[in-house]
Amino acid sequence: MTEEACPARQRTGEVVHDWPVDHLPGLEFDPLLHRLLREEPVARIRMRFGEGDAWLVTRYEDVKTVAADPRMSRALTVDRPVTSMTPHVVAPAGGIGRTDPPDHTRLRRLVAQTFGRKRVEALRPRAQELAERMTGRMLDQGPPADLAEHLTGPLPAQLIGDLLGVPSHDIDRLQAWRGVILSSSHSQQRGDAVKREIADYFRGMARHRTEHPGDDLFSALVAEQAEGGLSMPELISLAVMLVLNGMDAVRNQVSNMVYALLTHPEQLEKLRAEPTLLPQAVEELLRFIPHRNGVGLPRIATGDLEIGESVIRDGEVVYVSYLAANRDSTVFTEPDRLDLSRDEAPNLSFGHGAHYCVGAMLTRMEAEVMLSTLLERFPRLRLIASPDQMRWRQGSINRGPEELWVSW
């Protein structure tokens, strides 16, 4: 939908923008976000589901302010049908994404060590082994190949499965559940049914790990639950969060990165000529790529907060757009241009504040491993389909290609 086609209504003297969060082709940036960032950085929106309307904050510094303010509560969103882009709330009530300190601090501490720098670097050899094995199969089979099927999908799924101790034969089941939970096109009833199925799966896995513990994160969480450190719903919520992000977000992020590089040949050549640029290139790709549709989880204000020329009142719903913040021209020079040598402010792709993504380092490491392996093994890697022939995911929270067919 174009900017002009997006209707707006009045709300007590303010404009409320109806935002359907339509499917966007390729890596096209949402036109409403683009316009609001430039013209109305603190705006009112209403999406397809839920009730009422909400604030949407898009400017870089304003987004950081809201995300870091302890008066902005995630816990108060539970059982409140706020305006939303999906018919069901993806993050479960009581889970790490919908709690406030001290509960959030307690839950985060349980998994933070696993995703710290030292543990992530210890996982790099395993990720490299998987990348070489998977690309080796591609070389053996010969071109063409679907990278989403051969590398960007199975590697993060296997790695998060290893971390949680999920049997390899169950990965496909988790992938199917993931597809429904992260969809905006399924009914609330279907979403709730799948949530019950995946909860039952991890509840059964918890019973098994109680009697047969392994050397994995899930066994450690089960032991913590047995000692009273967290409840069974919290245990299940943590497992589901790790699976959804580990399987879906990383798959799409890296697929998008490959697509962006292959459609920006001058940037790809810059990276090939200077491989040590890779970590910086990953940061720029994270900034540039609109990796999701719409916005993430909302917050509820527990006090008045002045943002720009607007005042967010106690009890009002607030969303922030990290995507828009990453395109703020007051922070980034020519923000709509991909520039792998860019060295400006940190991107906000993993959020900010207390709810900063716990798996950020793992995602970066997986991206570096997959991209470096592709660059080394496939010096002539190229897309088979033209950008207008690509099939992109629709009706999903995370954006990415359905398939990524390449030749070499």
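Attention in this report is confined to the structure presented alongside it. Note that the structure is a prediction, hence the values are computed from the model and not measured. (Residues numbered from 1 in each chain as written. Predicted model: local features only at pLDDT ≥ 70, side-chain atom pairs only at ≥ 80, totals over all residues. Heavy atoms only, no water.)

### A few points about the layout of surface pockets
Next up, step 1: Put simply, the second largest pocket is a space of about 400 Å³.
Next up, step 2: Lining the second largest pocket are 20 residues, with Gly153, Pro154, Ala157, Ile171 and Gln175 positioned closest to its centre.
Next up, step 3: Breaking the lining of the second largest pocket down by element, the ones donating at least two residues are helix H4 (117–141), helix H5 (147–152), helix H6 (154–164), helix H7 (171–181) and helix H10 (232–262).
Next up, step 4: Looking at which element gives the most residues to the lining of the second largest pocket, the answer is H4, with five residues.
Next up, step 5: Residues that form the lining of the second largest pocket fall into these classes: five nonpolar, five polar and ten charged. (1 Å grid on protein atoms, 1.4 Å probe; cavity = no way out; pocket = protein on both sides within 12 Å on 5 of 7 lines; lining within 4 Å. Points joined across faces, edges and corners; volume = space filled by probe spheres on them. Helix = DSSP H or I, 4+ residues; strand = E, 2+ residues; numbered from the N terminus. Nonpolar A, V, L, I, M, F, W, Y, C, P; charged D, E, K, R; others polar.)

### So, the pairing of strand S2 (residues 14–18)
Next up, step 1: By the bridge criterion, three bridges tie S2 to strand S3 (residues 42–46) in an arrangement that is parallel. Within S3, the residue paired with Val16 across the bridge is Arg44.
Next up, step 2: Chirality of the crossover, the property in question, places the unit of S2, helix H1 (residues 31–39) and S3 among those that are right-handed. (Pairing = 2+ DSSP bridges. Right-handed = clockwise from strand over helix to strand, strands pointing away.)

### What about the pairing of strand S4 (residues 54–57)?
Next up, step 1: Of the two faces of S4, the one lined by Ala54 and Leu56 and the one lined by Trp55 and Val57 are each fully buried.
Next up, step 2: As judged from the four bridges shared by S3 and S4, these two strands associate in the antiparallel manner. Paired with Arg44 across the two strands is Trp55, which belongs to S4.
Next up, step 3: Here S4 pairs with strand S10 (residues 317–320) via three bridges, running parallel. Bridge pairing links Leu56 to Tyr319 in S10. (Buried < 20%, exposed > 50% of the residue type's maximum accessible area, 1.4 Å probe, protein only.)

### A short note on helix H2 (residues 60–68)
Next up, step 1: Considered for burial, the residues of H2 that qualify are Tyr60, Asp62, Val63, Val66 and Ala67. Looking down the long axis of H2, one finds its buried residues gathered within 165° of arc, a one-sided arrangement. (Arc of directions from axis to C-beta.)

### Here we look at the packing of aromatic side chains
Next up, step 1: Summed over the entire model, instances satisfying the criterion amount to six aromatic pairs.
Next up, step 2: Look at Tyr60 and Phe332: their rings are 5.7 Å apart centre to centre, the planes differ by 80°, and that puts the pair in the edge-to-face class. Taken together, the residues span a long stretch of sequence, with Tyr60 in helix H2 and Phe332 in the loop between helix H13 (322–325) and helix H14 (360–377) at a distance of 272 residues. Per residue, the accessibility class of Tyr60 equals that of Phe332, and both read buried.
Next up, step 3: With a centroid separation of 5.2 Å and an interplanar angle of 85°, the aromatic rings of Tyr201 and Phe202 are classed as edge-to-face.
Next up, step 4: A relative accessible area of 12% means that Tyr201 is categorised as buried.
Next up, step 5: Residue classification places Phe202 among the buried positions, given a relative accessible area of 0%.
Next up, step 6: Clustering of aromatic rings is evident, with ring pairs tying together Tyr201, Phe202 and Phe218.
Next up, step 7: One residue, Arg44, lies across the ring of Trp55, its end atom 4.4 Å from the ring centre. (Phe/Tyr/Trp six-rings, centres within 6.5 Å; stacked < 30°, edge-to-face > 60°. Lys NZ or Arg CZ within 6 Å of the ring centre and 35° of its normal.)

### A short note on the pattern of salt bridges
Next up, step 1: Using the criterion set out here, one finds 26 salt bridges in the structure.
Next up, step 2: Here Glu39 and Arg35 are joined by a salt bridge, their closest N and O atoms 3.9 Å apart. One end of the pair is Glu39 and the other is Arg35, both in helix H1 and four residues apart, which spans about a single turn.
Next up, step 3: Taking the relative accessible area as the measure of exposure, Arg35 reaches 16% and is therefore buried. (Salt bridge = Lys/Arg side-chain N within 4 Å of Asp/Glu carboxyl O.)

### A closer look at the environment of Thr99
Next up, step 1: Mapped onto the elements, Thr99 comes out in the loop between strand S5 (72–73) and helix H3 (103–112).
Next up, step 2: Non-local contacts of Thr99, meaning those with residues more than four positions away in its chain, are made with Arg74, Ala75, Gly94, His104, Leu107 and His355.
Next up, step 3: A distance of 3.4 Å separates a polar atom in the side chain of Thr99 from the backbone oxygen of Ile96. (Contact = heavy atoms within 4.5 Å. Polar contact = N/O pair within 3.5 Å; in protein donor to acceptor, adjacent residues only side chain to side chain.)

### A look at the sheet that holds strand S12 (residues 405–407)
Next up, step 1: Across the sheet, which stays open at both edges, the three strands sit in the order S6-S12-S11 with antiparallel pairing between neighbours. Edge positions in the open sheet fall to strand S6 (145–146) and strand S11 (382–383), since each of these has one partner strand only.
Next up, step 2: Direction of pairing for S6 relative to S12: antiparallel, over a ladder of two bridges. Among the inter-strand pairings, Asp146 is bridged to a residue of S12, identified as Trp405.

### Some points on the nonpolar core
Next up, step 1: Within the largest apolar cluster, 85 residues are counted, with the highest numbers of intra-cluster contacts made by Leu174, Phe202, Phe218 and Leu285.
Next up, step 2: Tallying contributions element by element places H10 first for this core, with 18 residues.
Next up, step 3: Residue contacts for Leu174: discarding those within four places in its chain leaves Val166, Ile198, Tyr201, Phe202, Val243 and Met247.
Next up, step 4: With 20 residues, the next largest nonpolar core counts Ala54, Met85, Ile300 and Tyr319 among its residues. (Core = buried A, V, L, I, M, F, W, Y, C linked by side-chain atoms within 4.5 Å.)

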